[in-house]
Amino acid sequence: MSTVAALSARALDSSAAITIDHLSKRFGRTLAVDDLSLRVSHGEVFGFLGPNGAGKSTTIRLLLGLIRPTAGVARVFGDLAGDVRAAHRHLAYVPADVALWPSLTGAEILELLARVGPGIDAAYRGELIDRFALELDKPGKAYSTGNRQKVALVAAFATRAPLLVLDEPTIGLDPLMEREFRRCVGEARERGQTVFLSSHQLGEVEALCDRVGILRAGRLVEIATLADLRRLQRTVVEVSYRGGAPSLDGVEGVAAVERLDGSRVRFTLSGPPAPALRALAASEATALSLREPSLEEIFLDYYGEDER
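Right, let's walk through the structure included here. (Residues numbered from 1 in each chain as written. Predicted model: local features only at pLDDT ≥ 70, side-chain atom pairs only at ≥ 80, totals over all residues. Heavy atoms only, no water.)

What follows is about unusual backbone geometry. Glycine aside, the phi torsion of most residues is negative, and most peptide linkages are trans. A positive phi angle, near 50°, is found at H22, a position not held by glycine. Tracing the sequence through the fold places H22 in strand β1 (residues 18–27). One non-glycine residue with positive phi stands out, namely F77, at about 50°. By the element assignment, F77 lies in the loop between β4 (71–76) and β5 (79–80). Residue F77 is classed as buried on the basis of its relative accessible area of 13%. (Helix = DSSP H or I, 4+ residues; strand = E, 2+ residues; numbered from the N terminus. Buried < 20%, exposed > 50% of the residue type's maximum accessible area, 1.4 Å probe, protein only.)

Okay, the packing of aromatic side chains next. Per the counting criterion, the structure on display carries 3 aromatic pairs. Between F46 and F196, the ring centres sit 5.8 Å apart and the planes meet at 5°, which makes this aromatic pair stacked. Highlighted residues: F46 in strand β3 (residues 45–49) and F196 in strand β8 (residues 194–198), separated in sequence by 150 residues. Classification of F196 by relative accessible area gives buried; the value is 0%. Ring geometry for F48 against F196: centres 5.1 Å apart, planes inclined by 35°, an arrangement best described as tilted. Residue F48 is located in strand β3, and its partner F196 is located in strand β8; the two are separated by 148 residues in the primary sequence. The same class applies to F48 as to F196, namely buried. Feature note: the residues F46, F48 and F196 constitute an aromatic cluster, connected by ring pairs. (Phe/Tyr/Trp six-rings, centres within 6.5 Å; stacked < 30°, edge-to-face > 60°.)

With that settled, consider the layout of surface pockets. Roughly 560 Å³ of internal volume is contained in the largest pocket. Around the largest pocket, the lining comprises 22 residues; the ones closest to its centre are L91, A92, Y93, L113 and V116. Elements with a minimum of two residues in the lining of the largest pocket: β6 (91–94), α4 (106–116) and α6 (145–158). Its residues placed into classes, the lining of the largest pocket shows 18 nonpolar, 3 polar and 1 charged. (1 Å grid on protein atoms, 1.4 Å probe; cavity = no way out; pocket = protein on both sides within 12 Å on 5 of 7 lines; lining within 4 Å. Points joined across faces, edges and corners; volume = space filled by probe spheres on them. Nonpolar A, V, L, I, M, F, W, Y, C, P; charged D, E, K, R; others polar.)

As a further point, take a nonpolar patch on the surface. Together, W101, L112, L113 and V116 give the surface a local cluster of nonpolar side chains, amounting to about 350 Å² of exposed area. Looking at the element boundaries, L112 is found in helix α4. A relative accessible area of 31% means that L112 is categorised as partly exposed. (Patch = residues over 30% accessible without salt bridge, like charges linked within 9 Å, V, L, I, M, F, W, Y side chains within 5 Å. Areas by Shrake-Rupley, 256 points an atom, 1.4 Å probe, with all protein chains shown as cover. Salt bridge = Lys/Arg side-chain N within 4 Å of Asp/Glu carboxyl O.)

The structure is reproduced here in structure tokens:
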């Protein structure tokens, strides 16, 4: 490629926060990421979804330059992801399982991360410490899983990095802290920062993301808007009954019917509940419970057991 062509390609890539072109990664005989291409725009909150083993974490490691691709290329604001020093000037990262320096206190860890990153807003960091109720005088080895996540989240959101890469960032957080996390993502969007979010929580993704990319067996199945994502929604219903089991075959909206034992049945429900309620009313139901399924359950239901 000529110098002019290379500069033109770089200018095109820098028009997006993340540019991934025909990216593949093979570990021996296992193809973890298969010909993946996508663009994430400036200021977008992009959800990166898929069942366990789909290749999400491998893709993030490639994006961070932690491993090298077998084929293809990933860029962060035009810089090659493999050029870690250049690419990491543009981003802050929160992993799913945060490891801290065991002998450093929370305050010392935040200071260290501030010095090696792309710069911070110190006043905003102080606000985040209060909002996340983070105790700074404990050593890293004394922090629980949730508190380790808080340290990483405060460090990331306090930066002015144009890209935040968040891989299952709310693991170990209680509901109040999850709410603060969502507020922080909204504030990052308002500042024009780009957020690349991998999550297993459908509610979190639906509340935060502009678009989602769905990965399946290492391949990008589709890029969807929130309206598209809602068609994946299901409710898991479990019913206890006496006498004969409720007849659910062919009932509109009912799927994945599972007989648990002689007195319980579980199924997923999408759409209006009236047909399922009429079917249940014809039997002697003694208890009814409903819950939102995990994304893992949704994907297995939507794509089928061949995902395994």
